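# Reading the structure
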Amino acid sequence: MPKVTTLGQFIIEKQADFPYAKGELSRLLRDIAIAAKIVNREVNKAGLMDILGQAGSTNIQGESQQKLDIFANEQFISALTSGGECCIVASEENEDIIIIDPKDRKAGKYVVAIDPLDGSSNIDVNVPVGTIFSIYRRKDFDTPPGLCDVLQKGTEQVAAGYIIYGSSTMLVYTTGRGVNGFTLDPSIGEFCLSHPGMRVPEDGTIYSINEGYYMHFPKGVKQYIKYCQEEDRATKRPYTSRYIGSMVADIHRNLIKGGIFIYPYTAATPSGKLRLVYECNPMAFIIEQAGGRATNGDKRILTIEVEELHQRTPVFIGSKNMVIHAEEFMKEAI
Ligand code: AHG
Ligand code: MN
Ligand code: MN
Ligand code: MN
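How each quantity is defined
Residues numbered from 1 in each chain as written. Chains lettered and ligands numbered in written order. Predicted model: local features only at pLDDT ≥ 70, side-chain atom pairs only at ≥ 80, totals over all residues. Heavy atoms only, no water. Helix = DSSP H or I, 4+ residues; strand = E, 2+ residues; numbered from the N terminus. Buried < 20%, exposed > 50% of the residue type's maximum accessible area, 1.4 Å probe, protein only. Contact = heavy atoms within 4.5 Å. Lys, Arg positive; Asp, Glu negative; His and termini not counted. Charge placed at Lys NZ, Arg CZ, Asp CG, Glu CD. Donors = N, O, S within 2.8 Å, 3.2 Å for Na, K, Ca; no water. Near = heavy atom within 4 Å. Polar contact = N/O pair within 3.5 Å; in protein donor to acceptor, adjacent residues only side chain to side chain. Areas by Shrake-Rupley, 256 points an atom, 1.4 Å probe, with all protein chains shown as cover. 1 Å grid on protein atoms, 1.4 Å probe; cavity = no way out; pocket = protein on both sides within 12 Å on 5 of 7 lines; lining within 4 Å. Sits in = over half its atoms within 2 Å of the grid points. Nonpolar A, V, L, I, M, F, W, Y, C, P; charged D, E, K, R; others polar. Pairing = 2+ DSSP bridges. UniProt positions renumbered as here; feature names shortened; annotations may be inferred. Core = buried A, V, L, I, M, F, W, Y, C linked by side-chain atoms within 4.5 Å.

## Observations regarding the overall build of the protein chain
Each helix and strand in the protein chain was counted, giving 7 helices and 15 strands. Here the C-alpha coordinates of the protein chain stretch approximately 60 × 50 × 45 Å along the principal axes. Of all 334 residues assigned to the protein chain, the portion counted as buried reaches 55%. Partitioning the contacts of the protein chain with sequence separation of at least 6, the portion at a separation of at least 24 is 63%. Averaging the positions of the 36 positive and the 41 negative side-chain charges in the protein chain gives two centres separated by 4 Å.

Printed below as a string of structure tokens:
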């Protein structure tokens, strides 16, 4: 019987790797995992609960909120607030950051940015959705926690991860020492190590982009899509097109199989759609830690200055050589 390592055991075993966590980061990851199990329980029976469909409200992103968006948001905010390890929660669903009352928190050394439910448009059609989280250390302890603690570059992240509520539920995270994946075993309610040391294949033959917007894409992206579709045995083309519409699911597939995910800018959306703080920085940290590459078509995502909480960025992410190649199309097309 292979040894089962739970997320909790793994974090403790790896604790030594983490220079300044005296267990707080472990407890923070545990709080996130607890909320993930609660969201998973609801996602798995969404059709039986009154949490399908639209909530009738619009979030700061201008998106109509799904009931599960709100449920997931509430679960993660409450788990992070009651856990006491973080001083600020920044949620994609909330206009402003949530500063945890000092009386409700312990050391409160950490800031958590979260996309509580990623891929909302897929909820009602039973297609995988996810949660994305990003953890920073509070910048300084002399001033009360505030926006400056959240608007940190992606390189400052101390941890990042996602949960994918799919055919199985997995939690994948990094603390800067590689990427490890845990699969939820519902019979014991534990995330168990199933994918140690995840690595993105350097090359791949899957390209993932919403070709419905083709007419609006920059020239370099159009040329790259055409390149992916050309017949050429030597370079295993045409590539396969796969687009799920949940960033977590598209990137998770490419992390395992190799591939590139692109959400570029268009004339109407010069910064693209995906959010730097809640989606692109955490996914870029994870993919880089797994040996892949993540840029805005030119610059590393993790080095982009974070000026606004809901800032968006174009994103090219996945197998290193595929991203480098797509960047060449972007440069040549200028
Ligand atoms: P969210 O559900 O958190 O708002 O994110 C949806 C995002 C991302 O998950 C996905 O890659 C992208 O939106 C899909 O956008 P399009 O429908 O424009 O392709
Ligand atoms: Mn949304
Ligand atoms: Mn999202
Ligand atoms: Mn979301």
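Resuming the write-up.
## Description of the coordination of the manganese ion (ligand 4)
Binding of the manganese ion (ligand 4) to the protein goes through E92 (OE), D115 (OD) and L117 (O), at separations of 2.2 to 2.5 Å. Sequence spacing among the residues donating to the manganese ion (ligand 4) works out to E-x22-D-x1-L. In this structure, the manganese ion (ligand 4) lies 3.6 Å from the manganese ion (ligand 2). For D115, a relative accessible area of 0% corresponds to the buried category. Note on L117: relative accessible area 1%, which makes it buried.

## Describing the site of ligand 1
What surrounds ligand 1 is a group of 19 residues, the closest being D118, G119, Y213, Y243 and Y263. Between ligand 1 and G119 there is a distance of 2.7 Å, counted from an oxygen atom to a backbone nitrogen or oxygen. Between ligand 1 and Y263 there is a distance of 2.6 Å, counted from an oxygen atom to a side-chain nitrogen or oxygen. Alone, ligand 1 offers 470 Å² of accessible surface; in the complex the protein occludes 90% of this. A majority-of-atoms criterion places ligand 1 in the largest pocket. Listing elements by their share of the shell around ligand 1, those giving two or more residues are β5 (110-118) and β13 (260-263). Ranked by residue count, the leading element in the shell around ligand 1 is β5, at 3 residues. Split into classes, the residues belonging to the shell around ligand 1 amount to 7 nonpolar, 5 polar and 7 charged.

## Topic: the sheet that holds β13
Reading across from one edge, β12-β11-β13-β15-β14 is the order of the 5 strands in this open sheet, with mixed pairing throughout. Since the sheet does not close on itself, it has two edges, and those belong to β12 (240-241) and β14 (293-295), each with one partner. Direction of pairing for strand β11 (residues 206-208) relative to β12: parallel, over a ladder of 2 bridges. Bridge assignment links I206 to a residue of β12, and that residue is T240.

## Some words on the UniProt feature "binding site: Mg(2+) 2" (unreviewed entry) in the protein chain
Mapped onto the present numbering, the UniProt feature "binding site: Mg(2+) 2" (unreviewed entry) falls on D115, D118 and E279. In sequence the annotated residues extend across 165 residues, while in space they remain close, none of their C-alpha pairs exceeding 8.5 Å. For the largest pocket, the lining residues among the annotations just cited are D115, D118 and E279. With respect to the helices, strands and loops of the structure, D115 is situated in strand β5. Non-local contacts of D115, meaning those with residues more than four positions away in its chain, are made with E92, G130, T131, I132, Y278 and E279. Position of E279 relative to the elements: it lies in helix α6 (residues 276-289). Assessed through its relative accessible area of 1%, E279 is described here as buried. From its side chain, E279 meets the backbone nitrogen of R275 in a polar contact 2.7 Å long.

## Points about the UniProt feature "binding site: Mg(2+) 1" (unreviewed entry) in the protein chain
When the UniProt feature table is mapped onto this chain, "binding site: Mg(2+) 1" (unreviewed entry) is found at E92, D115 and L117. Spanning 26 residues, the named residues nonetheless gather at one spot, since no C-alpha pair among them exceeds 9.0 Å. Restricting the annotated residues just mentioned to those that line the largest pocket leaves E92, D115 and L117. Considering the arrangement of structural elements, one finds E92 in the loop between β3 (86-91) and β4 (98-99). Given a relative accessible area of 2%, E92 falls into the buried group. Each residue touching E92, except ones within four places of it in the same chain, is listed here: I60, Q61, E63, I114, D115, P116, R275, Y278, E279 and H310.

## Re the nonpolar core
If you look at the biggest cluster of nonpolar residues, it comprises 43 residues, and the most contacted ones within it are Y162 and M283. Per-element tally for this core: the top contributor is α6, with 9 residues. In contact with M283, other than residues within four places in its own chain, are I132, Y162, M247, V248, I251 and I317. The next biggest cluster of nonpolar side chains, apart from the first, holds 41 residues, and it includes A36, Y110, L117 and Y165.

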